[in-house]
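Listed below are the residues making up each chain.
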Number of protein chains: 2
Amino acid sequence: MKIDMAIEKVRPHLTESRFQHSLRVAETAVKLAGLYNVSPAKAEIAAVFHDYAKYRPLEEMKHWIVKSTLPKDLLLYHHELWHGPVGALLIQAEHGIADREIQEAIQYHTTGRANMSMLDKIIYLSDYIEPGRNFPGVDEVREMAGKDLTKACWMASRNTIDHLMRKQGTIYPDSFYAYNDLTNKLNGGT
Amino acid sequence: MKIDMAIEKVRPHLTESRFQHSLRVAETAVKLAGLYNVSPAKAEIAAVFHDYAKYRPLEEMKHWIVKSTLPKDLLLYHHELWHGPVGALLIQAEHGIADREIQEAIQYHTTGRANMSMLDKIIYLSDYIEPGRNFPGVDEVREMAGKDLTKACWMASRNTIDHLMRKQGTIYPDSFYAYNDLTNKLNGGT
């Protein structure tokens, strides 16, 4: 799918500010893709669509989780976690995007996972550091993103878990699998 | 087993400072047991033995993990996590302590787990707050221990994960399961 068409497919599903966020994630993802030798075209499509399901009714998202092969434990965690996995299904069902790498990058963009692909990392990180983001610690992660993609993802993962714990929130298992896996990679393990 | 005999069984296996720590954990555990209607005798035995395997050679601990039904993924995490699960086996093998509640409280004293028993919580927390402990945040947890056992365990769990993340350390899955489960309980969920 051409990027102009992708943008027009996504626009009606998002609020204006969420749409602008998605464009900034795409801009960031294209830059990181260039730095880390990943297809900028794939990164751009994945980024534009990453929040595609964000405003679907909860009942519709729940239906997709129940009826698909998505992990059912999603239903035991905050519904903020549902739009990534459901979006990965909807872009295929509604727009025929069958590329597994793109689908997975969208599926895991909120939590990360163990053994993230390069595209997973780029979308996860771009969502965290796009120029509209402004929270404690984001500049440090932005700076690291240009130097070490894995370390930058590790910082984002650690900050996210820390943020959730401060709010007395639960942590979806994939979030800590991502954290442990990135930690092992930084520490020279497997 | 009588407590005086337990103390004499444990003493030769620990350094003097670790032995004194174990006695302080026992003293704290007995107090908490009284507050929360748990058998003080069980709490005392579990506390005295909680670090029983602490100074076993790594190879011996590894052997017990490999040969028993203990989860093998322990071997992929820091060996500091091994002495609890191995201790739970050794107290039965070497001293005939077959009480499952005591064994489990020792097994999970470092990480916690989902659905901790009252005795699990008392040993986990006593190890964290015994009067010799002195680190940022411990007084807050000590104060909470007298008021709300689950909330105090939640605080200890959150602080421990936070501490590990600051050190760029991995987090054993049971630690996260404990955190999520305690969070759900505080938030009025299951």
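Residues numbered from 1 in each chain as written. Chains lettered and ligands numbered in written order. Predicted model: local features only at pLDDT ≥ 70, side-chain atom pairs only at ≥ 80, totals over all residues. Heavy atoms only, no water.

Colleague: What exactly am I supposed to notice about the confidence of the model for chain A here?
Modeller: If pLDDT is low for a region, its predicted coordinates should not be looked at in detail. Per-chain confidence: chain A averages 97 in pLDDT, with 99% of residues scoring 70 or above. On the interface metric, ipTM, the complex scores 0.91, and its pTM is 0.94. (pLDDT = per-residue confidence, 0-100.)

Colleague: Sorry, what's going on with the relation of the copies chain B and chain A here?
Modeller: Mapping between the two chain copies consists of a rotation about an axis together with a translation along that axis. After a rotation of 180° and a shift along the axis of 0.0 Å, chain B superposes on chain A with an RMSD of 0.0 Å. Both copies of the chain, as the preceding transformation shows, are related through a two-fold rotation axis. Considering only C-alpha atoms, the part of chain B nearest the rotation axis is B:Asp162, at 3.4 Å. With an isologous cut-off of 70% or more, the 95% of interface residues of chain B that recur at the interface of chain A puts this contact in the isologous class. (Least-squares fit on C-alpha atoms with pLDDT ≥ 70 in both. Contact = heavy atoms within 4.5 Å.)

Colleague: Any chance you could explain the packing of aromatic side chains here in plain terms?
Modeller: The description of an aromatic ring pair rests on the distance of the ring centres and on the angle between the ring planes. A full pass over the atoms with the stated rule returns eleven aromatic pairs over all chains. Here A:Tyr128 and A:Phe135 contribute two aromatic rings whose centre-to-centre distance is 5.0 Å and whose plane-to-plane angle is 75°, an arrangement assigned as edge-to-face. Both rings, one in A:Trp154 and one in A:Tyr179, keep their centres 6.1 Å apart while their planes meet at 35°; by these two values the pair is tilted. Remark: A:Tyr179 occurs in helix 10 (residues 173-186) and A:Trp154 occurs in helix 9 (residues 149-166); sequence separation between them is 25 residues. In textbook terms, an aromatic cluster arises when at least three aromatic residues are bridged by ring pairs, as seen for A:Phe176, A:Tyr177, B:Phe176 and B:Tyr177. (Phe/Tyr/Trp six-rings, centres within 6.5 Å; stacked < 30°, edge-to-face > 60°. Helix = DSSP H or I, 4+ residues; strand = E, 2+ residues; numbered from the N terminus.)

Colleague: I'm lost on the packing of helix 1 (residues 3-10) of chain B against helix 3 (residues 40-49) of chain B in this one. Help?
Modeller: How two helices pack is summed up by the angle between their axes together with the distance between the axes. All names here are of chain B. Here helix 1 crosses helix 3 at 10°, and the two axes come no closer than 9 Å. Considered as vectors, helix 1 and helix 3 are oriented roughly parallel to each other. Where helix 1 abuts helix 3, its residues Ile-3, Ala-6, Ile-7, Lys-9 and Val-10 lie against Glu-44, Ile-45, Val-48 and Phe-49. Its residues placed into classes, the contact of helix 1 with helix 3 shows seven nonpolar, no polar and two charged. (Axes fitted to C-alpha atoms, helices over the stretch in contact; angles between N-to-C directions. Parallel < 35°, antiparallel > 145°, perpendicular 65-115°, else oblique. Nonpolar A, V, L, I, M, F, W, Y, C, P; charged D, E, K, R; others polar.)

Colleague: I would appreciate a short explanation of helix 10 (residues 173-186) of chain B in the present structure.
Modeller: If you check helix 10 of chain B, its first and last C-alpha atoms are 20 Å apart, about what 14 residues at 1.5 Å a residue would give, namely 20 Å. Counting buried positions along helix 10 of chain B gives ten out of 14 residues, so the element sits mostly inside the fold. Within the sequence span of helix 10 of chain B, burial applies to B:Pro173, B:Asp174, B:Ser175, B:Phe176, B:Ala178, B:Tyr179, B:Asn180, B:Asp181, B:Leu182 and B:Thr183. Taken together, the buried residues of helix 10 of chain B touch helix 9 and helix 10 of chain A together with helix 7 (118-129) and helix 9 (149-166) of chain B. Among the residues trailing helix 10 of chain B, B:Gly188 stands out with phi positive, at a value near 85°. (Expected span 1.5 Å × (residues − 1). Buried < 20%, exposed > 50% of the residue type's maximum accessible area, 1.4 Å probe, protein only.)

Colleague: It is not clear to me how the environment of A:Asp4 should be interpreted in this structure. Could you clarify?
Modeller: Residues and elements named next belong to chain A. Of note, Asp-4 is situated in helix 1 (residues 3-10). Accessibility expressed as a relative area gives 57% for Asp-4, which makes it exposed. Here the alpha-carbon distance between Asp-4 and Phe-19, two residues 15 residues apart in the chain, equals 14 Å.

Colleague: So what exactly am I meant to see when it comes to the environment of B:Phe49 here?
Modeller: Residues and elements named next belong to chain B. Turning to its location among the elements, Phe-49 is positioned in helix 3. Between the C-alpha atom of Phe-49 and that of Ile-97, which follows or precedes it by 48 residues, the distance is 10 Å. Not counting chain neighbours up to four residues away, the residues in contact with Phe-49 comprise Met-1, Ala-6, Lys-9, Val-10, Ile-91, His-95, Ile-97 and Ile-106.

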